[in-house]
Amino acid sequence: MTVWDDLVGQEKVSAVLGAAARDADARVTAAAADEPAPESSKMTHAWLFTGPPGAGRNQTARAFAAALQCVSPDRALGGAPGCGFCDGCHTALLGTHADVTTVAAVGSEILVKDMRDTVRKSFTAPANGRWQIILVEDAERLNEKSANAVLKAVEEPAPRTVWLLCAPSVEDVLPTIRSRCRHLNLRTPSVHAVADMLVRRDGIDPEVAAAAARATQGHVDRARRLATDPAARARRASVLKLPLRLDEVGACLKAAQELVDAAAEDAKQLAEEMDNKETEELKTALGAAQGGRLPRGTAGVMKDLEDMQKRRRTRTQRDSLDIALGDLTAFYRDVLALQLGSRVAIANADAEDALERLARGSTPESTLRRVEAIAACREALDRNVAPLLAVEAMTMALRAG
C-alpha cells in the first residue's frame, strides 16, 4: 500500500504530488552523483494545501513528506517514491522522522517562540533523510510575528528544505507567503469514498461505515472516530436530541451546560495521557529521579510545559464543542431539506423522527435563523468568548427560532 492510498477522493492531487516526488527524487539522485539537476521539474520548495475540514489537508502533506523521504530500493528499478513500507515512509507517516518537523497550534495561535527553533532548523541540511521538511498543520493560526518568521524562511530556503503549509483557504495565509507556494486545493471526499475506506482499511461493518460517513458528510477523521468509538456515537446521539429539549429557558441553560461539560470531559480524556507522558519525559530529561525532586533552576521549564498543556486543553475543548455545533448544523440542514421538499440525502437518517417533528412544527425561515445562531456561536468561540456564555446564547436563540 503506497502513501497515496491513505488519501480519500484526492486522485488529482495525488497525481500532482507523485510527479513532484519523482522529480524531487531525480534531483537528489543527481546531486549525489555530482550530476546537473534536471532542467524542468514539478518540484518546488514550498507548498500550500487548502480544503474544507475533513478533506485531509494534513494527511496529504504528510503523505507527500513520506514520498520525499522514501528510500525504497525499488526506486532504482523505476518504482515511484512513496512505497509506504520503507523506513523513510514509515517514520514520516508516524511523525518520528528526524528530518520531518511538524508544527501545530497548541492554543488559538502559533506563537513566534514556537517557530524560532523550527525556522532555525529549516536552514540546516537533512540529518539522515533526503530532504529537510517543515510541516505546518495550522498555517491559518500563525500570528503576525510567527508568519513573518516563516516568510523569511520561505523566501530564501536552504537547497534541500521543503515547506508544507496547511490551511482551510488561501485567504487564511498571508499573501506574501502564499505567493511563494504552489497551491493545491483538496475537495471533500464523497460519502461513498469515505465509507469504502472505512470498510477496506479499518474493517468496519459496511452498514456502520455508511452511517458514519453519511453523518459526517465526508469528514474522514470524524467518520473514522464515529465508526470506531462508541462514546463518540453516544455524544452525537445526545447532541441530536438537544433541539427537542429547548422548550423553556431552564432547559436551554441546562442543555448549554451539558454541552460545555461534555466538551471539557472529552478534552480531559484526550489530554490526560499525553500530558502525563510529556511531563514524565521532561522530568527525566531534566535529570529528576523517579518520583524525586527536580533539580534547581528547572521550575521555569516545567511551568512553560504546564502553560502549553493548558492552552492545548482549551483548544481541544473548543474543537470538541465545534464538532457538536457541526452536528447541530447538519441536523437543522436536514430539517430545512424536509421543509423545502429537497431531494438532498438526509445526513441524520437515524434521527428522522425528530427531523420530521421539527420540520412540521416550524418554518424554513426559523430554521435558517437557527442555523445562523449556531454560526454566531462558532464565531464567538473563535473570538475567545467564554464557552458557556456563547452556548447559552445559542440555545436561547434556538428556542426562539
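As a reminder, the structure under discussion sits directly above these lines.
Residues numbered from 1 in each chain as written. Predicted model: local features only at pLDDT ≥ 70, side-chain atom pairs only at ≥ 80, totals over all residues. Heavy atoms only, no water.

Our next topic: the sheet that holds strand β1 (residues 46-50). On the basis of which strands lie adjacent, the open sheet formed by 5 strands has the order β2-β3-β4-β1-β5 and parallel pairing. Looking along the sheet, the strands with just one partner apiece sit at the ends: β2 (100-103) and β5 (182-185). Pairs of neighbouring strands in the sheet enclose a mean axial angle of 15 degrees, with direction left out of account. Pairing geometry for β2 and strand β3 (residues 132-136), over 4 bridges, is parallel. Within β3, the position partnered with T101 by the bridge is I134. The sheet strands contacting helix α1 (residues 11-32) are β1 and β5, and the helix crosses β5 at an angle near 150 degrees. (Pairing = 2+ DSSP bridges. Helix = DSSP H or I, 4+ residues; strand = E, 2+ residues; numbered from the N terminus. Axes fitted to C-alpha atoms, helices over the stretch in contact; angles between N-to-C directions. Contact = heavy atoms within 4.5 Å.)

It is worth spelling out the packing of aromatic side chains at this point. In the structure shown here, the tally under the stated rule is 2 aromatic pairs. Pairing W47 with F64 gives two aromatic rings, centres 5.1 Å apart and planes at 70 degrees, and the pair type is edge-to-face. Of the two residues, W47 is situated in strand β1 and F64 in helix α2 (residues 57-68); the sequence distance between them amounts to 17 residues. Assessed through its relative accessible area of 0%, F64 is described here as buried. (Phe/Tyr/Trp six-rings, centres within 6.5 Å; stacked < 30°, edge-to-face > 60°. Buried < 20%, exposed > 50% of the residue type's maximum accessible area, 1.4 Å probe, protein only.)

Each full turn of the α-helix corresponds to 3.6 residues, which orients residues three or four apart in the same direction. In this model helix α5 (residues 144-155) runs 16 Å from its N-terminal to its C-terminal C-alpha over 12 residues, within 8% of the 16 Å that 1.5 Å per residue would give. All of the buried residues along α5 are S146, A147, V150, L151, A153 and V154. Projected down its long axis, α5 carries its buried residues within an arc of 170 degrees, all on one side. Those residues of α5 that are exposed and angled more than 90 degrees off the buried face are E144, K145 and K152. Contacts from the buried residues of α5 go to β1, α4 (112-122), β4 (161-167) and α6 (175-178). (Expected span 1.5 Å × (residues − 1). Arc of directions from axis to C-beta.)

Moving on: the pairing of β1. Across the 5 residues that make up β1, a large majority, 5, are buried. What you see with β1 is no split at all: A46, L48 and T50 on one side and W47 and F49 on the other are buried throughout. Bridge analysis of β1 against β4 gives 5 bridges, and the strand direction is parallel. Paired with W47 across the bridge in β4 is L164. Note: β1 against β5, 4 bridges, orientation parallel.

This part is about the nonpolar core. Of all hydrophobic cores here, the largest spans 34 residues; its most connected members are W47, F49, F64, L68 and L164. Looking at this core, the elements that each hand over two or more residues are α1, β1, α2, α3 (87-94), β3 and β4. The element that contributes the greatest number of residues to this core is α2, accounting for 7 residues. With residues near it in sequence (within four places) discarded, F64 still touches W4, L17, A20, A21, M43, W47, F49 and L164. (Core = buried A, V, L, I, M, F, W, Y, C linked by side-chain atoms within 4.5 Å.)

Right, let's talk about empty space enclosed by the protein for a bit. Evaluation of the coordinates by the stated rule reveals 1 cavity of 30 Å³ or more. Computed from the structure, the largest cavity encloses a volume of approximately 40 Å³. Lining of the largest cavity is provided by A21, A24, D25, A67, L68, C70, R75, P81, R130 and W131. The set of elements that each furnish at least two residues to the lining of the largest cavity consists of α1 and α2. Sort the elements by how many residues they give to the lining of the largest cavity and α1 lands first, with 3 residues. (1 Å grid on protein atoms, 1.4 Å probe; cavity = no way out; pocket = protein on both sides within 12 Å on 5 of 7 lines; lining within 4 Å. Points joined across faces, edges and corners; volume = space filled by probe spheres on them.)

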